[in-house]
Amino acid sequence: MVYKKGETNVSSAKDKLPVVTDGMYVILGASGNTGSIIADSLLLKGKKVRVVGRDAGRLQRFVRKGAEAFTADLSDAAALTKAFSGARAAYLMLPPITSREDQERESDAIAKAVKGSGLRYAVYLSSYGAQVPEGTGPVEGLHSCEQKLNAISGLNVLHLRAAYFMENNLEAIDMIHGMGIFGHALLPELKMPMIATRDVGPYAAQRLLDLDFSGKQTRELLGERDLTMTEATAVIARGIDKPDLRYQQVPYDQMQQAMAQMGIPPKKSAVYIELFKAINAGVLTPLEPRSPENTTPTSFEQFVQDVFAPAYHGKASAA
């Protein structure tokens with residue numbers, strides 16, 4: 001049994017078979033923030049890569065680098081079974097949530113395809129707090145998918161439980177332009193782990209290359225440090241040269257109204273409100289103590305400089 005310091009091993013896989021070293025790597029969500037980094041990393045190392053997505057056009061940039069494109073909806077078990085067939089390993093993830101029902105359909109299809117194809121190794125993008133079975137909004141769906149994958153005998157799976165994405169803060173740009181504040185439902189002084197998506201991709205790619213896990217394991221990725229929303233807003237204020245910018249906690253009903261104004265359907269916004277409540281109540285917390293193994297390099301300051309500030313100024317010049 002091989003697992004790294006701090007990782008949780010739920011059960012061991014039996015009847016191990018030799019790993020095919022020149023096999024195909026299958027990447028779900030290849031055009032997304034994490035999947036694109038993984039696909040690029042593996043292609044750079046000369047690996048065979050099959051990129052899976054709903055939009056063939058968005059997969060073409062990988063095809064130009066030598067990947068094989070496979071168009072499929074992530075709720076289509078038959079198509080995914082074909083996509084996984086003959087693969088050495090796969091990167092699994094659920095698409096951004098539209099509803100909890102969609103999450104269940106997608107995780108059902110992924111699990112059915114993993115089982116049907118005989119896939120033996122997978123790295124699955126989950127979330128910190130996915131150990132909690134219910135009441136956590138979209139994270140509840142990630143927990144459910146973890147359970148479905150854990151039930152597949154012979155599958156070696158590493159669940160990457162990533163922290164709150166720094167990119168979530170980009171949603172505040174319109175509010176900062178329009179109202180001069182950063183408003184959100186999260187408590188102002190609650191410390192939480194935040195990670196840049198660009199740090200998830202390289203970690204997942206390396207574990208797919210090494211395949212140094214067996215059975216069912218979890219690894220939390222907790223970002224560079226924990227931050228409060230007040231601290232994050234102060235970093236943003238410096239980064240966009242708005243020294244007066246302040247964080248303001250917004251009541252849940254107002255947050256839901258703001259999301260409706262952004263065009264987010266009520267069903268989807270309700271799931272996110274449930275997530276914010278779970279974070280505020282301390283239900284969504286990491287299990288692992290912070291360590292060199294679960295700490296990632298990109299600081300929030302670096303994220304603001306490289307991603308937030310350009311997006312903020314880009315919106316300003318486009319307005």
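Everything below is about the structure printed above this text.
Summary of the structure given here. Quick caveat: nothing in here was measured; it's all calculated off a predicted structure.

Quick notes on the rules
- Residues numbered from 1 in each chain as written.
- Predicted model: local features only at pLDDT ≥ 70, side-chain atom pairs only at ≥ 80, totals over all residues.
- Heavy atoms only, no water.
- Helix = DSSP H or I, 4+ residues; strand = E, 2+ residues; numbered from the N terminus.
- Rg over C-alpha atoms; globule rule 2.2 N^0.38 Å.
- Buried < 20%, exposed > 50% of the residue type's maximum accessible area, 1.4 Å probe, protein only.
- Contact = heavy atoms within 4.5 Å.
- Areas by Shrake-Rupley, 256 points an atom, 1.4 Å probe, with all protein chains shown as cover.
- Lys, Arg positive; Asp, Glu negative; His and termini not counted.
- Charge placed at Lys NZ, Arg CZ, Asp CG, Glu CD.
- Salt bridge = Lys/Arg side-chain N within 4 Å of Asp/Glu carboxyl O.
- Pairing = 2+ DSSP bridges.
- Axes fitted to C-alpha atoms, helices over the stretch in contact; angles between N-to-C directions.
- Parallel < 35°, antiparallel > 145°, perpendicular 65-115°, else oblique.
- Left-handed = near helix turned anticlockwise from the far one by under 90°.
- Nonpolar A, V, L, I, M, F, W, Y, C, P; charged D, E, K, R; others polar.

### Some words on the overall build of the protein chain
Piece 1. The helix and strand inventory of the protein chain stands at 11 helices and 13 strands.
Piece 2. For 319 residues, the compact-globule estimate of 2.2 N^0.38 gives 20 Å, and the C-alpha radius of gyration of the protein chain, at 20 Å, lies within 12% of that figure.
Piece 3. Its C-alpha atoms give the protein chain principal-axis dimensions of about 60 × 40 × 35 Å.
Piece 4. Counting across all 319 residues of the protein chain, residues that qualify as buried make up 53%.
Piece 5. Partitioning the contacts of the protein chain with sequence separation of at least 6, the portion at a separation of at least 24 is 78%.
Piece 6. Element-wise, carbon and sulfur atoms account for 54% of the exposed surface of the protein chain, whose accessible area totals about 14,100 Å².
Piece 7. Distance between charge centroids for the protein chain: 6 Å, based on 36 positive and 35 negative side chains.

### Re the side chain of Glu-106
Piece 1. Assignment of secondary structure puts Glu-106 in helix H4 (residues 100–117).
Piece 2. It is Arg-54 that comes nearest to the buried, bridge-free Glu-106 among opposite-charge side chains, at 5.1 Å.
Piece 3. The contact partners of Glu-106, leaving out residues within four places of it in the chain, are Leu-74, Ser-75, Leu-94 and Pro-95.

### What to know about helix H8 (residues 229–239)
Piece 1. Taken as a whole, H8 has its buried residues at Met-229, Ala-232, Thr-233, Val-235, Ile-236 and Ala-237.
Piece 2. Among the residues trailing H8, Asp-241 stands out with phi positive, at a value near 60°.

### A word on the sheet that holds strand S10 (residues 192–195)
Piece 1. The three strands are arranged S8-S10-S12 in an open sheet whose pairing can be described as mixed. The open sheet has two edge strands, strand S8 (164–165) and strand S12 (226–227), and neither has a second partner.
Piece 2. With two bridges connecting them, S8 and S10 associate as parallel partners. The residue of S10 that forms the bridge with Tyr-164 is Met-194.

### Focus on the packing of H4 against helix H5 (residues 138–150)
Piece 1. As a packed pair, H4 and H5 sit with axes 9 Å apart at the nearest point and diverge in direction by 20°. Classified by the angle between their axes, H4 and H5 sit roughly parallel to one another. Here H4 and H5 pass one another in a crossing that is right-handed. Between H4 and H5, the contacting residues are Arg-100, Gln-103, Glu-104, Ser-107, Asp-108, Ala-111 and Val-114 on the first element and Pro-138, Glu-140, Gly-141, Leu-142, Ser-144, Cys-145, Lys-148 and Leu-149 on the second.
Piece 2. Its residues placed into classes, the contact of H4 with H5 shows six nonpolar, four polar and five charged.

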